[in-house]
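# Survey of secondary and tertiary structure
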Amino acid sequence: MGLVANKMKVQLPADAAVDAEIDLCNSGDVYFLRARLNVSLPGLEREVAQAIVDATHDATCAYSNATRGNIDVSLNVVQAKRDEP
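## A short note on the side chain of Asn 38
The topology assignment puts Asn 38 in strand E2 (residues 30-40). For Asn 38, a relative accessible area of 15% translates into the label buried. A polar contact is formed between the side chain of Asn 38 and the side chain of Glu 21, at a distance of 2.9 Å. Here the side chain of Asn 38 touches Asn 76 through a polar contact of 2.9 Å, side chain to side chain. Ignoring any residue separated from it by four or fewer positions in sequence, one finds Asn 38 in contact with Ala 17, Val 18, Asp 19, Glu 21 and Asn 76.

Below, the structure is given as structure tokens:
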């Protein structure tokens, strides 16, 4: 995320965090993994935080690139600054 944030000229918060939840699932005799990545970027606007997370997952993250097509991954941005109405 640091590389993507730098390209976007955004400072990541010092308390940025990623919490990964991995499920072992089965469908009949076939077992598979499912992952949820909960990303906390406190202080950033939600749209900016989501753009950083999406770009990191799509192109930069070695783990995402290695598992793409093999593991269903959902990305959740949490604790980002809420947009004002």
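## Overview of a nonpolar patch on the surface
A cluster of nonpolar residues, Ile 22, Leu 24, Tyr 31 and Leu 33, forms a patch on the protein surface that exposes about 450 Å² of accessible area. Counting residues per element, the ones that place at least two in the nonpolar patch are strand E1 (17-27) and E2. Secondary-structure assignment places Tyr 31 in strand E2.

## Quick word on the environment of Glu 21
Counting through the fold element by element, Glu 21 comes out in strand E1. Given a relative accessible area of 30%, Glu 21 falls into the partly exposed group. For the pair Glu 21 and Asn 38, spaced 17 residues apart in sequence, the C-alpha separation works out to 8.1 Å. Sequence-distant contacts of Glu 21, defined by excluding residues within four places in its chain, comprise Arg 34, Ala 35, Arg 36 and Asn 38. A distance of 2.8 Å separates polar atoms of two side chains, one belonging to Glu 21 and the other to Arg 36.

## Let's talk about the pattern of salt bridges
All chains considered together, the criterion is met by two salt bridges. Ionic pairing is found between Asp 23 and Arg 36, a salt bridge with its closest N-O pair at 2.5 Å. Here Asp 23, found in strand E1, pairs with Arg 36, found in strand E2; they are 13 residues apart in sequence, far enough to count as distant. We classify Asp 23 as partly exposed; its relative accessible area is 25%.

## Observations concerning the side chain of Thr 56
When you line up the elements, Thr 56 lands in helix H2 (residues 46-60). In this structure the side chain of Thr 56 is engaged in a polar contact, spanning 2.7 Å, whose partner is the backbone oxygen of Ile 52. Excluding its chain neighbours within four sequence positions, the residues that come into contact with Thr 56 are Met 1, Val 4 and Cys 61.

## Topic: the environment of Ala 20
Note on placement: Ala 20 falls in strand E1. In this structure Ala 20 comes out as partly exposed when scored by relative accessible area, which is 48%. Taking the C-alpha atoms as reference points, Ala 20 and Ala 51, separated by 31 residues in sequence, lie 19 Å from one another. Sequence-distant contacts of Ala 20, defined by excluding residues within four places in its chain, comprise Arg 36 and Leu 37.

Thresholds, definitions, all that
Residues numbered from 1 in each chain as written. Predicted model: local features only at pLDDT ≥ 70, side-chain atom pairs only at ≥ 80, totals over all residues. Heavy atoms only, no water. Helix = DSSP H or I, 4+ residues; strand = E, 2+ residues; numbered from the N terminus. Buried < 20%, exposed > 50% of the residue type's maximum accessible area, 1.4 Å probe, protein only. Polar contact = N/O pair within 3.5 Å; in protein donor to acceptor, adjacent residues only side chain to side chain. Contact = heavy atoms within 4.5 Å. Patch = residues over 30% accessible without salt bridge, like charges linked within 9 Å, V, L, I, M, F, W, Y side chains within 5 Å. Areas by Shrake-Rupley, 256 points an atom, 1.4 Å probe, with all protein chains shown as cover. Salt bridge = Lys/Arg side-chain N within 4 Å of Asp/Glu carboxyl O.

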